[in-house]
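Understanding the architecture of this molecule
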Amino acid sequence: MRLVQVLIPEGNRTPVLDALDEQGIDYAVFDEVGRGDFEAMAQFPVPPSGVEPVLEELVAAGIQEGSYTIVVPTETVVSQRLSALIERFPGLRISREELYARAQDLAPANSTFFAFLLLSTVIATTGLLLDSSATIIGAMVVAPLMGPAISASVGTILDEPEMARRGAVLQATGLVAAILTAAVMGWLLQQTILVTPDLDITAIPQVAERTSPNFLSLFLALGSGIAGSISIMRGSGSTLVGVAIAVALVPPAATAGLGIAFGLPRVMVAASVLVVVNLLAINVSALVLFYLSGFKPIDAGQFEGVRASVFSRVVTLTVAIAVLSIALGLVTWTTFQTQSFEERVTDELERGFEAADIEGVELLSVTVDYEPVDLLLGTEPQVNVLMGLSRDETVPPDLAQRWDDRLTAEFDREIGVRVGFVEEQTSGGTSPERGPSTGDGSAFGGAVGLEGDTPNVGRHPGPSPTPA
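For the structure given in this document, a descriptive report is provided here. (Residues numbered from 1 in each chain as written. Predicted model: local features only at pLDDT ≥ 70, side-chain atom pairs only at ≥ 80, totals over all residues. Heavy atoms only, no water.)

The topology assignment puts serine 151 in helix 7 (residues 146-157). Judged by relative accessible area, serine 151 falls into the buried class, the value being 2%. Reaching out from serine 151, the side chain makes a polar contact with the backbone oxygen of proline 148 at a distance of 3.2 Å. The contact partners of serine 151, leaving out residues within four places of it in the chain, are Ala103, Ala107, Met163, Ala164 and Gly167. (Helix = DSSP H or I, 4+ residues; strand = E, 2+ residues; numbered from the N terminus. Buried < 20%, exposed > 50% of the residue type's maximum accessible area, 1.4 Å probe, protein only. Polar contact = N/O pair within 3.5 Å; in protein donor to acceptor, adjacent residues only side chain to side chain. Contact = heavy atoms within 4.5 Å.)

Listed below in structure tokens is the structure:
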């Protein structure tokens, strides 16, 4: 419920109170002695969705646009006519006046906004380098990006150009500042011992997740914008919803900055595309939802102009999203193709190995070096097979070629195959048996043996396998 307090101008007391009576609203009237141009103050409770239509009726009854009006939430209202009011105004959204006030409150002063945003970026960058999702989530709680995203849409819907402009500027400059902050932080960390000189940030899962964006990222942004809009226009808590908006923007912005710091243009471009697409999706979803919810400018004569402005802005944002989504579509398609190819190759090799039933040989791992960029460039896939081999077994000299022929025939394309072996040795004593070292595929052609308790590392005497 909302408690509305309205000052009644001189000579309009009777028509204003008659309008409240017609609406079936309980009210209290107090004589106004503070300002000479007002004779009384009316105070009445009304459901949130009823504030806007009731105020419109009061304006028609003589409440001037410059009158003093206060709308505050109230805990409990006891009235015999309350149930009738709730039935008459069953909607859940707040009034445009309250929406405007909330949007203003959500967009903090510039100094506060940038302070929290930069701190959020520092925390998010740390979380990316540590591969810590908990740290990244903590950064999102600090990020103040919900306010500008909502205020930009509210300003457009209510024909408040200054609010819309400030919201858009804060979003754009804030994300640029976040990228630069992450870039400077990444460069400074490289000058210390906190980051190893040979660190490959693309191998960090939290970073890799933001450098291979797909259409699922678009759904995150659209959902965040809709959730933020609903939380504002229905007067519910918005703090946690702001976390969702920040998740869609700050981590990829920090990733783009790290791409600059580590001299990786691909990382910088991919993460920047994700930031821009998410930013546009959040704004267009909020704009459409506010418009469909029926919010209009206070001046009814401005509605047609606002409708045209909203339409043109939605079209512009949608076209921009569609253009940038081409990159998301390519990533989605190529990722699906390469992962599907890897699964099929692995299954084919496992089935072939089981069918061959080679005694003394164990299939340890199959990896496929085939990235989305390789698919676009037409680069030949490289299949790496690692096997465990007993010491008394002979290495087949043409195994790589046989696998190559099998896979080439199966998939009807050129495929490079590299086969490596890990030699197993078992001591003759009573010490526990030690199995073969699986390694990570980097020791192709090498052998790891155990003699007593002393490890012996050397190359297998057989021919070194080479890509077929």
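This part covers the nonpolar core. Within the largest apolar cluster, 67 residues are counted, with the highest numbers of intra-cluster contacts made by Leu99, Met140, Leu145, Val154 and Phe290. With 13 residues, the top contributor of residues to this core is helix 12 (residues 265-292). The contact partners of valine 154, leaving out residues within four places of it in the chain, are Leu99, Tyr100, Ala103, Met163 and Phe290. (Core = buried A, V, L, I, M, F, W, Y, C linked by side-chain atoms within 4.5 Å.)

Glancing now at the packing of aromatic side chains. Within the structure shown, the criterion is met by two aromatic pairs. Look at phenylalanine 113 and phenylalanine 114: their rings are 5.2 Å apart centre to centre, the planes differ by 85 degrees, and that puts the pair in the edge-to-face class. Residue class for phenylalanine 114 comes out partly exposed when judged on its relative accessible area of 25%. Measuring from ring centre to ring centre gives 6.1 Å for phenylalanine 290 and phenylalanine 295, while their planes differ by 75 degrees; the resulting arrangement is edge-to-face. (Phe/Tyr/Trp six-rings, centres within 6.5 Å; stacked < 30°, edge-to-face > 60°.)

Think of two packed helices as two axes; the pair is described by the angle between the axes and how far apart they sit. Across the interface, helix 1 (residues 13-22) lies against helix 2 (residues 51-61) with an axial gap of 8 Å and an inter-helix angle of 150 degrees. The angle between the axes of helix 1 and helix 2 places the two elements in the roughly antiparallel class. Considering how the two elements wind past one another, helix 1 and helix 2 form a crossing that is right-handed. When helix 1 is examined against helix 2, the residues Pro15, Val16, Ala19 and Leu20 are found in contact with a partner set consisting of Val54, Leu58 and Ala61. Considered class by class, the residues forming the contact of helix 1 with helix 2 number seven nonpolar, no polar and no charged. (Axes fitted to C-alpha atoms, helices over the stretch in contact; angles between N-to-C directions. Parallel < 35°, antiparallel > 145°, perpendicular 65-115°, else oblique. Left-handed = near helix turned anticlockwise from the far one by under 90°. Nonpolar A, V, L, I, M, F, W, Y, C, P; charged D, E, K, R; others polar.)

What follows deals with the pattern of salt bridges. All chains considered together, the criterion is met by five salt bridges. Each of Arg2, Glu98 and Arg102 takes part in one network of salt bridges that share partners. (Salt bridge = Lys/Arg side-chain N within 4 Å of Asp/Glu carboxyl O.)

Overall, antiparallel pairing links the four strands, which are arranged 2-3-1-4 in an open sheet. The open sheet has two edge strands, strand 2 (28-31) and strand 4 (69-73), and neither has a second partner. Strand-to-strand twist of the sheet, defined as the mean angle between neighbouring strand axes without regard to direction, takes the value 15 degrees. For strand 1 (residues 2-9) and strand 3 (residues 38-46), the ladder comprises eight bridges, and the chain directions are antiparallel. The residue of strand 3 that forms the bridge with valine 6 is alanine 42. (Pairing = 2+ DSSP bridges.)

Next up on the list: the environment of aspartate 105. Locating aspartate 105 in the fold gives a position in helix 4 (residues 96-106). A relative accessible area of 65% means that aspartate 105 is categorised as exposed. Put simply, aspartate 105 and serine 151 are 46 residues apart on the chain and 9.1 Å apart in space, counted from C-alpha to C-alpha.

On to helix 2, then. If you check which residues of helix 2 are buried, you get Val51, Glu52, Val54, Leu55, Leu58 and Ala61. Those residues of helix 2 hidden inside the fold are in contact with strand 1, helix 1, strand 3, strand 4 and helix 4. Immediately downstream of helix 2, the backbone of glycine 62 shows phi near 130 degrees, a positive value.

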